[in-house]
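Architecture at a glance
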Amino acid sequence: MKKILVVLAVLVPSVSVAAQDESCRTMTTVPDGELTLQQVIELGLCRNPETAAAYLSLESARFNKNAGYSQYLPSVSASASASMPYRNNEFADWSYGASISASYLIFDFGKRLSDVNQLIDTWRATGFDYSESVQNYVYSVIGAYYALLNADADVFTARAVQQVSQTAKDMADTKYKAGVVAKADVLKAEVTLASSNLDLERAKNNREIAKGTLLAKLSFPADQDIQIADMPAEFGSESENKSIDELIEIARERRPDLLRATANKDAAWHRRNSTFLSTLPTISASGSLSWNNTPSDVYNAGSDQLSGSIGIRASMPIFTGFSNFYNSRAAQVNYERAIEQERQTTDNAMLDVFSAYQNYKTAQTVLTQTEALLESAKETENVTAGMYKVGKATMLDWQQALADLADAHKQNNAAKYDLFTKRAALALAIGDIKDGLIEDEGESTDE
């Protein structure tokens, strides 16, 4: 299996998710078996209507660009006619005719080139917009995937805490029957068990919501089931970190909104040039050939006749009600606006990279701290349980230790999957979302 299906266009996007196997679009149920993150993303991209619409916009821009090259080819048209004159209350004989004409633009001071370059840059900008749509969708799927894993982990934790609470309840019952503890210990244990049962039900509910969210992003009914694989523990380690300068440089080269802003600026520049060049003369060549068959009783008639002409034509707009002047000024202003929009996009992108970088580093630190907290909570609960068995701790002490253990588990689960999400957010910020994914086991990094 490939590292990742997503092919993000950087210069000229030409690979489409629509080229995948169309069978996934017609699926009505989630595939059986455990799905990895890459498989979930592939399935979502094949079925997602938003990215499909963005791709169709890209195709439309490509066809418009191809149509622009027609200005470099001759324009040829043909016509044919047949008529029956009616005079003096009677019809005359049929008259026939046919003609063909051609024209070719010889020189226009580069307006055609500006028009084509504008369409090319518009196509490129649409391609970057498609790339951004794909990356944003992939990021949303990643977030939903990790949210489901987090919810699964919370259910597992809640069930484990419930089992320990049940053990505490059984032990309190046994000690109460033996006359070692008061009835209050049994009541406290029952409260702890009831609270654990409630936490388990809440965790199951949150899991169903997380599962429904992921299924909805894959365009499946939310009431179906899906099995997903967990992430490896070493994923997202500090050894993978790059410097902020490296990340900013990558963002300048790959981030779709930056590349789109540049393409839009270039398109505005060519549009401005084209508007100005439209006020200059154009030189065209033309030619025509016609055939007429007119009955002999018609004025100026004769046998079948061929006629034709060739020529060169020059034209230049002299006065257009100042429209050319204002169009040129508007095109110049739009170009200047595109420059400012590019600057604003760059500023926002650099802030996004910096913020995502700081959030990711903080998430790494928080995960390390919650792991230490979890180990401490486990040890405390074990010691307290042992002390309660020999009568050196109260049920209240054990209750507090259980509550601390459950909270530590939840914090560690949240920190783990928050780290994965923050890693994906950083990859999204630099415009390379596939960098936020892992490779399949056993796969070479050179593939």
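The structure contained in this document is the topic of the report that follows. (Residues numbered from 1 in each chain as written. Predicted model: local features only at pLDDT ≥ 70, side-chain atom pairs only at ≥ 80, totals over all residues. Heavy atoms only, no water.)

Helices and strands together make up the secondary structure of the protein, namely eight helices and eight strands. For the protein, the proportion of its 447 residues judged to be buried stands at 39%. (Helix = DSSP H or I, 4+ residues; strand = E, 2+ residues; numbered from the N terminus. Buried < 20%, exposed > 50% of the residue type's maximum accessible area, 1.4 Å probe, protein only.)

Another aspect to go through is the packing of helix H5 (residues 244-254) against helix H6 (residues 256-277). The N-to-C vectors of H5 and H6 enclose an angle of 45 degrees; their axes lie 6 Å apart at closest approach. By the criterion of interaxial angle, the relationship of H5 to H6 is oblique. Between H5, through Ala251, Arg252, Glu253 and Arg254, and H6, the contact on the second element is made entirely by Pro256, Leu258 and Leu259. For the contact of H5 with H6, a count of residues per class yields four nonpolar, no polar and three charged. (Axes fitted to C-alpha atoms, helices over the stretch in contact; angles between N-to-C directions. Parallel < 35°, antiparallel > 145°, perpendicular 65-115°, else oblique. Contact = heavy atoms within 4.5 Å. Nonpolar A, V, L, I, M, F, W, Y, C, P; charged D, E, K, R; others polar.)

With that settled, the discussion passes to unusual backbone geometry. With phi around 65 degrees, Phe109 is a residue other than glycine that occupies positive phi space. Position of Phe109 relative to the elements: it lies in the loop between strand E5 (95-107) and helix H3 (111-177). Of the residues examined, Phe109 reaches a relative accessible area of 42% and is grouped as partly exposed. Positive phi values are uncommon outside glycine, yet Phe322 reaches one of about 70 degrees. Assessed through its relative accessible area of 51%, Phe322 is described here as exposed.

With that settled, the discussion passes to the pattern of salt bridges. Counted by the stated rule, this structure contains 19 salt bridges. Between Arg207 and Asp152 there is a salt bridge whose closest N-O contact spans 2.6 Å. You can see Arg207 sitting in helix H4 (residues 183-217) and its partner Asp152 sitting in helix H3, a full 55 residues away along the chain. Overall, the relative accessible area of 14% leaves Arg207 in the buried class. (Salt bridge = Lys/Arg side-chain N within 4 Å of Asp/Glu carboxyl O.)

Here the focus is the packing of H6 against helix H7 (residues 323-389). Between H6 and H7, the shortest axis-to-axis distance is 8 Å and the interhelical angle comes to 170 degrees. One element, H6, and the other, H7, form an angle in the roughly antiparallel class. Grouping the amino acids of the contact of H6 with H7 by side-chain chemistry returns eleven nonpolar, nine polar and five charged.

This brings us to H5. Within H5, burial applies to Leu247, Ile250 and Ala251. Buried residues of H5, seen end-on, are gathered within an arc of 105 degrees and therefore sit on one face of the element. Those residues of H5 that are buried are in contact with H6, H7 and helix H8 (395-429). (Arc of directions from axis to C-beta.)

With that settled, the discussion passes to the environment of Asp93. As for its position among the elements, Asp93 is in the loop between strand E4 (90-91) and E5. With ten residues separating them along the chain, Asp93 and Ser83 place their C-alpha atoms 8.5 Å apart.

In total, this model carries nine aromatic pairs according to the counting rule given. A centroid spacing of 5.4 Å and a plane angle of 45 degrees characterise the contact between Tyr388 and Trp398, whose relative ring orientation is tilted. Residue Tyr388 is found in helix H7, and its partner Trp398 is found in helix H8; the two are separated by ten residues along the sequence. The pair formed by Tyr388 and Trp398 is uniform in burial state, with each residue classed as buried. Ring centres of Tyr417 and Phe420 lie 5.8 Å apart, and the angle between their planes is 75 degrees; on these two criteria the pair is classed as edge-to-face. Residue Tyr417 and its partner Phe420 are located together in helix H8, separated by three residues, close to a single helical turn. Grouping residues by exposure puts Tyr417 and Phe420 together as buried. An aromatic cluster is defined as three or more aromatic residues linked by ring pairs; in this entry it consists of Tyr145, Tyr146, Tyr417 and Phe420. Taking NZ or CZ as reference, Arg47 lies 3.9 Å from the ring centre of Phe220, over its face. (Phe/Tyr/Trp six-rings, centres within 6.5 Å; stacked < 30°, edge-to-face > 60°. Lys NZ or Arg CZ within 6 Å of the ring centre and 35° of its normal.)

With that settled, consider the sheet that holds E5. If you trace the four strands from one edge of the open sheet to the other, you get E2-E5-E7-E8, paired in antiparallel fashion. Of all strands in the sheet, those with a lone pairing partner are strand E2 (75-83) and strand E8 (305-315), marking the two edges. The average undirected angle you get between the axes of adjacent strands in this sheet is 15 degrees. Direction of pairing for E2 relative to E5: antiparallel, over a ladder of nine bridges. The partner of Ala80 across the bridge, within E5, is Ala98. (Pairing = 2+ DSSP bridges.)

On the surface, a nonpolar cluster with roughly 560 Å² of combined accessible area is contributed by Tyr104, Ile106, Phe107, Phe109, Ile283 and Ile312. Among the elements that take part in the nonpolar patch, E5 stands out by supplying three residues, more than any other. The class of Ile283 is partly exposed, set by a relative accessible area of 33%. (Patch = residues over 30% accessible without salt bridge, like charges linked within 9 Å, V, L, I, M, F, W, Y side chains within 5 Å. Areas by Shrake-Rupley, 256 points an atom, 1.4 Å probe, with all protein chains shown as cover.)

Time to look at the nonpolar core. Formed by 41 residues in total, the largest nonpolar core has its most connected members in Tyr145, Tyr146, Leu214 and Ile226. Put simply, the parts of the chain that give this core at least two residues each are helix H1 (37-47), helix H2 (49-68), H3, H4 and H8. The element best represented in this core is H3, accounting for 14 residues. Ala349, Ala356, Ala415 and Leu426 belong to the second largest nonpolar core, which has 17 residues in total. (Core = buried A, V, L, I, M, F, W, Y, C linked by side-chain atoms within 4.5 Å.)

No statement about biological role is implied by the geometric values presented.
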